[in-house]
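# A closer look at the structure
Here is what each chain is made of, one letter per residue.
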Amino acid sequence: MVFLTHPRNSLKLLSRINQGPLTNSETEKLYDRITSSFRKTLDQEYLGTEVIATTSTDTEPESKSSVATAAATTAQPPTHDHLPHTARHIGAILSNPLFSRPPNTDRTPLVLTRRGKNPADVFDSAVSRGLMTPLRATGFLATVRSQILAESSEDVSKRMAGSGAGVRVLRWLRSSGNEGGLDFLKHPALVKLLTQFLFAEGRQGVPWDWLERLASSHAPGPGLAGPDMSCLLNAIVNESGQLSTDGKANLDGSYEALARARDMFPDESVAAYKAIKHVWSELTWMSTVKAPTHPKPSESLFESFVDIGRPLGLPLELAHLDLHHPTKPSHSAAIKYLQPREQLFKEFPSMEQRTQQQLLCLVVDAADGLKHAGKQNQWLVRLGTSLMQRLNLGVLDVLAWNSFRYKRVSE
């Protein structure tokens, strides 16, 4: 027998879901209403037409009777093994954490938003109503992280883990089907924040699984998800070396992560090549321009990292890396790169601002390297001043160069 669903009563019962865990009787009542309305449709989808044709007259009434008997004798929902596929499917839905959220005293409490609501409660409410989107999930993670940083800069990763925000978003991605097609990777801000939370929560394997799925889906060719691969790889590399955490950067972890990804990617994939090149360049910036802000890496991992970049055609970065070898710094490649001064003068104004900054850092670091080696470096000082002149700073070029050089050397 199929029971009609009364809209008013259904709304009252469904509204209870957002208020907390359902009681046994409420769970059973919601279970009966859903299964009686959608059993046939779900059977067609999950069991197949032939199975339904052979069991619709006998099995379903019998299962219905078994459910009623079990409920009357034990006052509990039917056991998992004695239910048909659809009943187990609905039972799994009702047992989802979105429908039942017991308090967890081990979690870091989240402060209220401006409207007086806990961000986690707002997130769960939006999920239960089907209103959650990747953009809103990004906002939720950003809110939680900003609250944590506002409280204190100590133990940020630990408190991010305690918030449970990452696993909350991960469960939504899985229950909504977003994770299956990796469509959420098209949202860079979400990828960056979610990777931070998952690493803090000890779930590093999840982003690595996404990356492996992306790598296996790319045959040789341009690929359709090159930016997605670059964004995800960059997030993994950053978190592997804690590059997003002030004062705790560890380049060794980032070098190892990039080497692991390189081994994972297909050799002939254009998308994989672009992702490796982009992330290698980003990591070079941390290894050279930002080198004074973190400890020196290990020699073997540094050299392996440099070897990854040799086929990528980035001579400025390679020359700068030689100056920052942890045990055997060399200025030879930098001097060779800086020799064609006229060409540098011509190209410097049209370079991207980031490239200009790296080139100026290269000049300062090379001059410092020559000074420590007891060699003349005045031509490099003049080169740096001349490059500043090319930026049209006028009379400020010498002052600007001296200020830049002093700041760089004293870091």
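Look a little higher up for the structure.
Here is a short report on the structure shown in this document. As the structure is a prediction and not an experimental result, all values here were calculated from the model.

What follows covers the packing of aromatic side chains. Under the definition given, this model contains five aromatic pairs. Here Phe184 and Trp210 contribute two aromatic rings whose centre-to-centre distance is 4.7 Å and whose plane-to-plane angle is 70°, an arrangement assigned as edge-to-face. Here the residue Phe184 occupies a position in the loop between helix 10 (178–181) and helix 11 (188–200), and Trp210 occupies one in helix 12 (residues 205–216), the gap between them amounting to 26 residues. Judged by relative accessible area, Trp210 falls into the buried class, the value being 1%. Here the aromatic rings of Tyr255 and Phe302 are separated by 6.4 Å at their centres, their planes lie at 70°, and the arrangement is edge-to-face. Taken as a pair, Tyr255 in helix 14 (residues 251–264) and Phe302 in helix 16 (residues 299–309) lie far apart in primary sequence, 47 residues in all. Taken individually, Tyr255 and Phe302 each receive the classification buried, so the pair is uniform in this respect. Over the ring of Trp208 we find Arg260; its NZ or CZ atom is 3.8 Å from the centre of that ring. Sitting over the ring of Trp285, Arg354 keeps its end group 4.2 Å from the ring centre.

Let us look at the nonpolar core. Membership of the largest hydrophobic core comes to 62 residues, with the highest contact counts inside it found for Val169, Leu233, Leu258 and Phe265. Apart from the residues lying within four places of it in its own chain, the contact partners of Leu258 are Leu233, Val237, Ile276, Val279, Trp280, Leu283, Phe305 and Ile308. Formed by 20 residues, the second largest nonpolar core is a distinct cluster that contains Leu344, Phe348, Leu383 and Leu387.

Turning to helix 14, a few remarks are in order. Taking 1.5 Å of rise per residue, 14 residues should cover 20 Å, and helix 14 covers 20 Å from first to last C-alpha, within 8% of that figure. Restricting attention to buried positions, one finds in helix 14 the residues Leu251, Gly253, Ser254, Tyr255, Ala257, Leu258 and Ala261. Where helix 14 is buried, its residues contact helix 12, helix 13 (226–240), helix 15 (270–287) and helix 16.

A few words on the pattern of salt bridges. Applying the stated rule across the entire model yields 10 salt bridges. As a salt-bridge pair, Asp124 and Arg168 come within 3.0 Å of each other at their nearest N and O atoms. Highlighted residues: Asp124 in helix 6 (residues 119–128) and Arg168 in helix 9 (residues 165–176), separated in sequence by 44 residues. A salt bridge links Lys328 to Glu299, with the nearest nitrogen and oxygen atoms 3.5 Å apart. Placement of Lys328 in the loop between helix 17 (315–323) and helix 18 (332–338) and of Glu299 in helix 16 is noted, with a sequence separation of 29 residues between them. On the accessibility criterion, Glu299 (30% relative accessible area) is partly exposed. A single network of salt bridges, built from pairs that share partners, joins Glu299, Glu303 and Lys328.

The rules behind each value
Residues numbered from 1 in each chain as written. Predicted model: local features only at pLDDT ≥ 70, side-chain atom pairs only at ≥ 80, totals over all residues. Heavy atoms only, no water. Phe/Tyr/Trp six-rings, centres within 6.5 Å; stacked < 30°, edge-to-face > 60°. Helix = DSSP H or I, 4+ residues; strand = E, 2+ residues; numbered from the N terminus. Buried < 20%, exposed > 50% of the residue type's maximum accessible area, 1.4 Å probe, protein only. Lys NZ or Arg CZ within 6 Å of the ring centre and 35° of its normal. Core = buried A, V, L, I, M, F, W, Y, C linked by side-chain atoms within 4.5 Å. Contact = heavy atoms within 4.5 Å. Expected span 1.5 Å × (residues − 1). Salt bridge = Lys/Arg side-chain N within 4 Å of Asp/Glu carboxyl O.

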